[in-house]
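Listed below are the residues making up each chain.
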Amino acid sequence: MNFGKYIFAQVIDFIPRYQFDKLVKKYKSDWHAKDLACYNQLLHLLFGQITGCDSIRDICLCLEAHDNCIYHLGIRKSVNQSNLCRANEQRDYRIYEELGMYLISIVRPMYSNTKVTEITIDSVLYALDSTTISTSIVLAAWALGKGAVKMHTLLDLPGSIPANIHITDGKWHESNELDEIVPEPLAFYMMDKAYVDFLALYRFHKSGAYWISRPKDNMRYEVIDHRHNFEPFTGICGDFTIKLTTHKSKKLYPEPIRMVTYHDSETGNDVGFITNNFEISALEVANLYRHRWDIEVFFKWIKQNIVVKTLWGYSENAVRTHLWVAIIAYLIIARIKADYKSQYSITEVATLIRISAFERVDLRDLITKPKNPIFQNQNVKELTLFDEF
């Protein structure tokens, strides 16, 4: 039991310390470190993420105000704003990137049995998308183009755990991201039309992976076959086999493609989907693509619950360190939820930890207490103000 430990101290017990120390040694990041070792830097940044601090200044101010208890939080010594900023600028971000990827390898299997609603396919399901974080092109000169940073995420849909994250500058186009992914045979990849690159999609097809996307407005094709084995009341309007007709596109993708059209009753619009899978039903194609929006929910959660809106530095190293620590915080919370089999959502677990960081209670009890419904006895006559009269 951990009734004597602060909640934050119990949270950082889920950091794979041995692996982290190996990474610090690998990149020689603790050489000549006096007041701020890499692990202490990580704890400062995690404290800021978990408690919702908006800036480096807020982190240092909060820890300085609680100087009498930071040792019991697990932080050996607080540092000033300048030292923490300097560490973010100079310490190799790959320490936190590789720690994040290691945590992904631990957490993803914990959610592998989570069911995706309306999906009966027993395959690995991924959603691919990116979120843009605006920054100053003057302060962050490396973020050329749009003056922004992009976080490309390949999300494992069961459990909404990222399988891969790639941080780039704002000018990196989404279609280039497919070249960074090694396709898994029989896995499904759902992506927006911005990712449509027929050369890369054909590489996925030849690797035995399935992809589902939307056709671009300028895509030229001809219908070579159609199917009628669907029920119109499901919203499916058509199920066709098409072939690309422009010289360049049919050279990049020489094989037939399946196109499914679906009528959205909420908007009244007909929506088209393209895929290289001819085996699943047309409705399953539409349902799979609908779950691509799960990654938008993930990005919204990250921006609302983990501090990424306000960057804690502007150099490329500082930005990458910040974003990877944000992902590490998310993965630690997801790991805690899975380990303790909490009935609360990841959002609720994060909220409970945030508001209880300085409490000395058992973490397991905090996030596994049942949500007891409040029952009202309808047969009891309650007194009113005028009963005595």
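Look a little higher up for the structure.
Residues numbered from 1 in each chain as written. Predicted model: local features only at pLDDT ≥ 70, side-chain atom pairs only at ≥ 80, totals over all residues. Heavy atoms only, no water.

**Focus on the side chain of N276**
Along the chain, N276 falls in the loop between β9 (269-275) and α10 (282-290). One polar contact links N276 to H205, side chain to side chain, over a distance of 3.1 Å. Of the polar contacts made by the side chain of N276, one reaches the backbone oxygen of A209; its length is 3.0 Å. When near neighbours in sequence (up to four residues on either side) are disregarded, N276 contacts H205, A209, Y210, W211 and Y253. (Helix = DSSP H or I, 4+ residues; strand = E, 2+ residues; numbered from the N terminus. Polar contact = N/O pair within 3.5 Å; in protein donor to acceptor, adjacent residues only side chain to side chain. Contact = heavy atoms within 4.5 Å.)

**What about unusual backbone geometry?**
Non-glycine residue E118 carries a positive phi angle of around 70 degrees. Mapped onto the elements, E118 comes out in the loop between α7 (94-107) and β1 (125-134). In this model, L186 sits at a positive phi of 75 degrees, which is unusual for a non-glycine residue. Tracing the backbone shows L186 in the loop between β3 (161-169) and β4 (188-191).

**Topic: the pattern of salt bridges**
Summed over all chains, the structure comprises 13 salt bridges. Across the pair D217 and K193 runs a salt bridge whose closest N-O atoms are separated by 3.7 Å. Of this pair, D217 sits in the loop between β5 (210-213) and β6 (221-227) while K193 sits in the loop between β4 and α8 (198-206), and the two are 24 residues apart along the sequence. You can call D217 exposed: its relative accessible area is 71%. (Salt bridge = Lys/Arg side-chain N within 4 Å of Asp/Glu carboxyl O. Buried < 20%, exposed > 50% of the residue type's maximum accessible area, 1.4 Å probe, protein only.)

**Some points on the packing of α7 against helix α12 (residues 316-339)**
Relative orientation of the contacting elements α7 and α12 amounts to 20 degrees, with a least axis distance of 9 Å. In this view, α7 runs roughly parallel relative to α12, as classed from their interaxial angle. Read as a crossing pair, α7 and α12 show a hand that is left-handed. Here Y96, E97, L99, G100, M101, L103, I104, I106 and V107 of α7 lie close against α12, whose contacting residues are T321, W324, V325, I328, L331, I332, A334 and R335. (Axes fitted to C-alpha atoms, helices over the stretch in contact; angles between N-to-C directions. Parallel < 35°, antiparallel > 145°, perpendicular 65-115°, else oblique. Left-handed = near helix turned anticlockwise from the far one by under 90°.)

**Overview of the sheet that holds β1**
Reading across from one edge, β3-β2-β1-β4-β5-β9-β8-β7-β6 is the order of the 9 strands in this open sheet, with mixed pairing throughout. In this open sheet, the two strands that pair with only one neighbour each are β3 and β6. On average, each strand axis in the sheet is inclined to that of its neighbour by 25 degrees, with strand direction left out of account. Here β1 runs beside β4; their pairing, made up of 4 bridges, is parallel. (Pairing = 2+ DSSP bridges.)

**Observations concerning the packing of aromatic side chains**
For any pair of aromatic rings, the description rests on two quantities: the centre-to-centre distance and the angle between the ring planes. This model, assessed by the stated rule, comprises 14 aromatic pairs. Relative to Y340, the ring of F14 lies with its centre 5.8 Å away and its plane at 85 degrees, an arrangement referred to as edge-to-face. Of this pair, F14 sits in the loop between α1 (7-11) and α2 (17-26) while Y340 sits in the loop between α12 and α13 (346-355); the two residues are 326 residues apart in sequence, bridging distant segments of the chain. The same class applies to F14 as to Y340, namely buried. Both rings, one in Y189 and one in F204, keep their centres 5.1 Å apart while their planes meet at 85 degrees; by these two values the pair is edge-to-face. With Y189 in strand β4 and F204 in helix α8, this pair connects stretches of sequence that are 15 residues apart. The class for Y189 is buried, based on a relative accessible area of 2%. What links up through ring pairs into an aromatic cluster is the set F198, Y202, W211 and Y253. (Phe/Tyr/Trp six-rings, centres within 6.5 Å; stacked < 30°, edge-to-face > 60°.)

**Here's the deal with the side chain of T261**
Its place among the elements puts T261 in strand β8 (residues 257-264). From its side chain, T261 meets the backbone nitrogen of G238 in a polar contact 2.9 Å long. Those residues in contact with T261 that lie beyond four places of it in its chain are G235, I236, C237, G238, F240, V271 and G272.

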